[in-house]
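# Structural features, examined
As a plain string of letters, each chain reads:
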Amino acid sequence: MNLPLKIALVARGIPSYVTAKEANISPNKLSRFVMEISFPNEQEKKVLSKILDKTVRELFPESKLGETSNAP
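Residues numbered from 1 in each chain as written. Predicted model: local features only at pLDDT ≥ 70, side-chain atom pairs only at ≥ 80, totals over all residues. Heavy atoms only, no water.

Throughout the structure, instances matching the rule amount to three salt bridges. Here Lys45 ties to Glu42 by a salt bridge, and the two come within 3.4 Å at their closest N and O atoms. Within this pair, Lys45 and its partner Glu42 are both found in helix H4 (residues 42–52), separated by three residues, close to a single helical turn. Judged by relative accessible area, which is 13%, Lys45 ranks as buried. (Salt bridge = Lys/Arg side-chain N within 4 Å of Asp/Glu carboxyl O. Helix = DSSP H or I, 4+ residues; strand = E, 2+ residues; numbered from the N terminus. Buried < 20%, exposed > 50% of the residue type's maximum accessible area, 1.4 Å probe, protein only.)

Ranked by internal contacts, the top residues of the largest apolar core, which has 13 residues, are Leu5 and Leu30. Residues within four places of Leu30 in sequence aside, it is in contact with Leu5, Leu9, Ser16, Ala20, Ile25 and Leu48. (Core = buried A, V, L, I, M, F, W, Y, C linked by side-chain atoms within 4.5 Å. Contact = heavy atoms within 4.5 Å.)

Axis angle and axis distance: for two packed helices, these are the angle between their axes and the distance between the axes, and together they describe the pair. Following both chains from N to C, one finds helix H1 (residues 3–12) and helix H3 (residues 27–34) inclined at 130°, their axes separated by 8 Å at the closest point. As far as their axial angle goes, H3 and H1 are oblique. For the pair H1 and H3, contact is made by Leu5, Lys6 and Leu9 and by Leu30, Phe33 and Val34, respectively. Classifying every residue of the contact of H1 with H3 by side-chain character gives five nonpolar, no polar and one charged. (Axes fitted to C-alpha atoms, helices over the stretch in contact; angles between N-to-C directions. Parallel < 35°, antiparallel > 145°, perpendicular 65-115°, else oblique. Nonpolar A, V, L, I, M, F, W, Y, C, P; charged D, E, K, R; others polar.)

See the structure below:
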């Protein structure tokens, strides 16, 4: 689950379907982003970050599978 995105959506205090409409995506697609079933393209990331007043990096951290941190 993408917790930073979920937290930002809840903290906004507006139903997520409204946020999805503002971002010109379906509510189902936004839910799939939160559940990490599918992933947004760069344009969708930018739009969501602007609407949620967060940086793209805050909402979509790069430290996902395949990356190692401080491993030799």
